[in-house]
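What the coordinates show
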Amino acid sequence: MKNIAVLQVGPLMPAVQDSIRSEYNTLRLPDAGTEREEFLHQQGASVEIAVTSGKFGVGTELMGALPNLRAVINFGVGYDTTDVAQAAARGITVSNTPDVLNDCVADTAVALYLDVLRQVSAADRFVRRGDWLSKGNYPLATKASGKRVGILGLGRIGRVIARRLEGFDCDISYHSRNPVAGVGYEYKASPVELAAGCDVLIVAAAGGPESARLVNAEVIEAIGPQGYLINIARGSVVDEDALVAALLAGRLAGAGLDVFADEPKVPEDLLGLDNVVLLPHLGSGTHETRAAMAELTLANLRQFVADGTVLTAVEA
Ligand code: 8YV
């Protein structure tokens, strides 16, 4: 299939990168600057398929510079960096990698949940510093079992998180754009209502313009000084400045964050807080899940080349 022109946008897992380079006529888009402009000017019209990851995507400008693009094959379930509206208008197929990462992202949410409430990471630092010897027992933490948990975004991942937390006897409620059929959890009409009725708010909503800053200052206020926020979705869903301000002022008990507004930058103010657990966007980051994501990415690509369809298409 060396006659198919594939554009690699951003770094990809070696398994994906090596396959697309050996199977297709693959070119790597320069990351920035005049080299990128020059590349697009000379090669943009030849590109038929872009392979990218959730971190990079094919945004408005790049898509505009690829007049003959037919498909965006995205490694990752999130596709907020790709201009899906333009893709739909131009008949460009977009695929992602749903479901195969549900377990690991949900596990990460639960890990953050347990860590923030029981202060596992902070207590580990306490031991390593020698404070157990010099200061005695670690201060008491917060019980994690049996809490009222609000899930913002009861999609594929949100539902797996809910199922996990049922095992911790949690009382689950949720808010999504619409009530989800067939689930027994209480539906709340707005993010504020959800936040006001729970001890821990877990953000599992897809990123993108529709969910931008859905968790604003009012929602954070509603979680309250005894409440916690967990975010394994996208940094864009939370007003990060409002979150930092609330944490610094003690208007929120703690937070567990795998995602940030401007990754890999993490607000400086959070680094010294023991009631905050910070992860470097590793929700799906296990050997098993990344291998499954790579496989699905390649399966989407190969099927698109074969018959113009993909296994897991994104609906704009
Ligand atoms: C990946 C993710 O880290 O799937 C997603 O949307 O956020 C993560 O699983 C990311 O997509 C890889 O770039």
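Everything below is about the structure printed above this text.
Below, the structure is looked at part by part. These numbers were taken from a predicted model, which means no experiment stands behind them. (Residues numbered from 1 in each chain as written. Predicted model: local features only at pLDDT ≥ 70, side-chain atom pairs only at ≥ 80, totals over all residues. Heavy atoms only, no water.)

**Quick word on the sheet that holds strand β11 (residues 254–257)**
- Strand order across the open sheet formed by seven strands is β8-β7-β6-β9-β10-β11-β12, with parallel pairing between neighbours. Edge positions in the sheet fall to β8 (186–187) and β12 (276–278), since each of these pairs with one other strand and no more.
- The sheet contact formed by strand β9 (residues 200–203) and strand β10 (residues 228–231) spans four bridges and is parallel. The partner of Ile-202 across the bridge, within β10, is Ile-230.
- Packed onto the sheet, helix α8 (residues 156–166) meets β6 (148–152), β7 (171–175) and β9 and runs at close to 170 degrees relative to β6. (Pairing = 2+ DSSP bridges. Helix = DSSP H or I, 4+ residues; strand = E, 2+ residues; numbered from the N terminus. Contact = heavy atoms within 4.5 Å. Axes fitted to C-alpha atoms, helices over the stretch in contact; angles between N-to-C directions.)

**What about the sheet that holds strand β2 (residues 25–28)?**
- In spatial order, the strands read β2-β1-β3-β4-β5; together these five strands make up an open sheet with parallel pairing. On the outer flanks of this sheet lie β2 and β5 (93–95), each paired with one strand and no other. Strand-to-strand, the axes of this sheet are offset by a mean angle of 20 degrees, without reference to chain direction.
- For strand β1 (residues 5–9) and β2, the ladder comprises four bridges, and the chain directions are parallel. Residue pairing across strands places Ala-5 opposite Asn-25, the latter belonging to β2.
- Seen against the sheet, helix α1 (residues 14–23) touches β1, β2, β3 (49–53) and β4 (71–75) and runs at an angle of roughly 155 degrees to β1.
- Across the sheet, helix α12 (residues 287–307) is in contact with β3, β4 and β5; its angle to β4 comes to roughly 170 degrees.

Note that every value here comes from positions in space, so none of it alone points to a role or purpose.
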